[in-house]
Amino acid sequence: MQKVVLITGASSGIGRALAFSFGKTGAALVLCGRSPEPLQAVGDELRQAGIDNLTVQADVSVEADTKRLVEAAIARYGRLDVVINNAGVTMRSLVIDTDPDVIRKVMDINFMGTVNVTRYALPYVLQTKGSIVGISSIAGYRGLPVRSGYSASKFAMNGYLEALRTELLHTGVHVLTACPGFTASNIRFSALNGSGQVTGETVRDESRMMSADACAERIRRAVETRKRELILTG
């Protein structure tokens, strides 16, 4: 039976790399992103590589969008084996300079996005005894300066997934918390400043970081071996 993998935030970075990593194993993919053009471009690339996929434009912070996303996946493929909550946004600002609305936006995407998608996907993952994955961060274990909202969202994700794992202990469903360190992706370029504007720059040397492809391969293997936790940093 062909496995079906749903990936949020699949337009670029780790999400895109995960799509190719799972796709090459023969899985069918359901990909979601907020921006239709880059999402469609990834879908086209995958199809050219012979990988079956469905792209659904959706904002995971909007509950109705996530319900529509899962319904589209089931209408197309009839099952869900792996759900990867990867969609995320970061921020870069001192607490004293940060509008609370910025932190609210980060929480809505990073944390509530995971809650929304998992809520609608879980009944189908229970049927397949599949996997729920959260792409968290080392910032979910240590509060990082100028990343207060981001760290808070990842702490919340980690607690949510830990509680979910315990609830599902005897169901056969696997729950993975994957925590990359600094990985070369576009998330820092799209970081929000204290007033909610996109900075459009990174303060780190992206060339010295783990590649998104290498990160995705490690995450895929962790799903296949049904690990509880994956921390990709020394």
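Thresholds applied
All residue numbers refer to positions counted from 1 along the written sequence of the respective chain. Local features in a predicted model are, by the rule used here, given only for residues with pLDDT of at least 70; side-chain atom pairs are given and counted only at 80 or more, and totals for whole chains, interfaces and linings are based on all residues. Calculated side-chain values reflect all of the structure's heavy atoms, with hydrogen atoms and water omitted. In this description a helix means any DSSP run of H or I spanning at least four residues, a strand means any run of E spanning at least two, and both kinds are numbered starting from the N terminus. What the globule rule says is 2.2 Å times the number of residues to the power 0.38, and the radius of gyration is computed from C-alpha atoms. Note on contacts: a residue pair qualifies if any of its non-hydrogen atoms lie within 4.5 Å across the two residues. Here the accessible surface of atoms and residues is derived via Shrake-Rupley with a 1.4 Å probe, and residues count as covered only by protein chains that are part of the display. When charges are counted, Lys and Arg contribute as positive and Asp and Glu as negative, whereas His and the chain ends are disregarded. To locate a charge, take atom NZ for lysine, CZ for arginine, CG for aspartate or CD for glutamate. Each residue is placed in one exposure class: buried if its accessible area under a 1.4 Å probe, protein chains only, is under 20% of its type's maximum, exposed if it is over 50%, and partly exposed if it falls in between. Pairing between strands requires that DSSP locate at least two bridges from one strand to the other. Viewed with both strands pointing away, a crossover whose connecting path from the first strand over the helix to the second turns clockwise is right-handed. We count a salt bridge whenever a side-chain nitrogen from Lys or Arg sits within 4 Å of a carboxyl oxygen from Asp or Glu. Fitted lines through C-alpha atoms serve as axes, helices being fitted only where they are in contact, and the angles separating the N-to-C directions of these axes extend from 0 to 180 degrees. Working definition: roughly parallel below 35 degrees, roughly antiparallel above 145 degrees, roughly perpendicular at 65 to 115 degrees, and oblique for all remaining angles. Here a crossing is taken to be left-handed if its near helix is turned anticlockwise relative to the far helix by less than a right angle, and right-handed if that turn runs clockwise. Note that Gly is not counted as nonpolar here; it falls among the polar residues with everything else outside the nonpolar set of Ala, Val, Leu, Ile, Met, Phe, Trp, Tyr, Cys and Pro and the charged set of Asp, Glu, Lys and Arg. Pairing of aromatic side chains here covers Phe, Tyr and the six-membered ring of Trp, requires ring centres within 6.5 Å, and sorts the geometry by plane angle: under 30 degrees stacked, over 60 edge-to-face, intermediate tilted.

## Regarding the overall build of the protein chain
Reasoning step 1: When its secondary structure is counted, the protein chain shows 6 helices and 9 strands.
Reasoning step 2: Against the globule reference of 17 Å for 234 residues, the protein chain gives a C-alpha radius of gyration of 17 Å, in line with a compact fold.
Reasoning step 3: For the protein chain, the C-alpha atoms occupy an extent of roughly 50 × 40 × 35 Å along the three principal directions.
Reasoning step 4: A fraction of 70% describes how many contacts in the protein chain between residues 6 or more apart in sequence connect residues 24 or more apart.
Reasoning step 5: Total accessible area on the protein chain is roughly 10600 Å²; 52% of this is exposed by carbon and sulfur atoms.
Reasoning step 6: The protein chain carries 27 positive and 22 negative side-chain charges, and their two centres are separated by 6 Å.

## A few points about the pairing of strand β2 (residues 28-33)
Reasoning step 1: Along β2, 6 of the 6 residues are buried, which leaves the element largely enclosed by surrounding structure.
Reasoning step 2: Taking every second residue as pointing to the same face, both faces of β2 are buried, with A28, V30 and C32 on one and L29, L31 and G33 on the other.
Reasoning step 3: The pairing of strand β1 (residues 4-8) with β2 spans 5 bridges and is classified as parallel. Bridge pairing in β2 places V5 opposite L29.
Reasoning step 4: Handedness of the crossover joining β1 and β2 through helix α1 (residues 13-23) is recorded here as right-handed.
Reasoning step 5: Of the strand pairs in this sheet, β2 and strand β3 (residues 53-57) are connected by 5 bridges, and their pairing is parallel. Among the inter-strand pairings, G33 is bridged to a residue of β3, identified as Q57.
Reasoning step 6: As a crossover connection, the stretch from β2 through helix α2 (residues 36-48) into β3 is right-handed.

## A look at the pattern of salt bridges
Reasoning step 1: As enumerated under the stated definition, the model contains 10 salt bridges in all.
Reasoning step 2: Here R76 and D52 are joined by a salt bridge, their closest N and O atoms 3.4 Å apart. With R76 in helix α3 (residues 63-77) and D52 in the loop between α2 and β3, the pair connects residues that are 24 residues apart, well separated along the chain.
Reasoning step 3: Accessibility expressed as a relative area gives 42% for R76, which makes it partly exposed.
Reasoning step 4: With its nearest N and O atoms 3.5 Å apart, the salt bridge here joins D65 to R68. In this pair, D65 and R68 are both assigned in helix α3, 3 residues apart and thus about one turn of the helix distant.
Reasoning step 5: Among the residues examined, R68 registers a relative accessible area of 36% and is labelled partly exposed.
Reasoning step 6: One network of salt bridges, in which partners are shared, links K24, E217, R220 and E224.

## Quick notes on the sheet that holds strand β5 (residues 131-135)
Reasoning step 1: Across the sheet, 7 strands lie side by side as β3-β2-β1-β4-β5-β6-β9; this open sheet has parallel pairing. Only two strands of the sheet have a single neighbouring strand rather than two, namely β3 and β9 (229-232). For this sheet, the mean angle separating the axes of adjacent strands, direction not counted, is 15°.

## Let's talk about the side chain of T114
Reasoning step 1: When you line up the elements, T114 lands in helix α4 (residues 100-128).
Reasoning step 2: Aside from chain neighbours lying at most four places away, what touches T114 is N85, I109, M157 and Y160.

## Looking at the packing of α1 against α2
Reasoning step 1: As a packed pair, α1 and α2 sit with axes 11 Å apart at the nearest point and diverge in direction by 20°. Taken together, the axis directions place α1 and α2 in an arrangement best described as roughly parallel. For the crossing formed where α1 meets α2, the hand is right-handed. On α2, the residues that touch R16, A19 and F20 of α1 are V42, E45 and L46.
Reasoning step 2: Classifying every residue of the contact of α1 with α2 gives 4 nonpolar, no polar and 2 charged.

## A look at the packing of aromatic side chains
Reasoning step 1: Tallied over the entire structure, the rule returns 1 aromatic pair.
Reasoning step 2: Here the aromatic rings of F111 and Y160 are separated by 6.0 Å at their centres, their planes lie at 85°, and the arrangement is edge-to-face. One end of the pair, F111, is in helix α4; the other, Y160, is in helix α5 (residues 148-167), with 49 residues separating them in the sequence.

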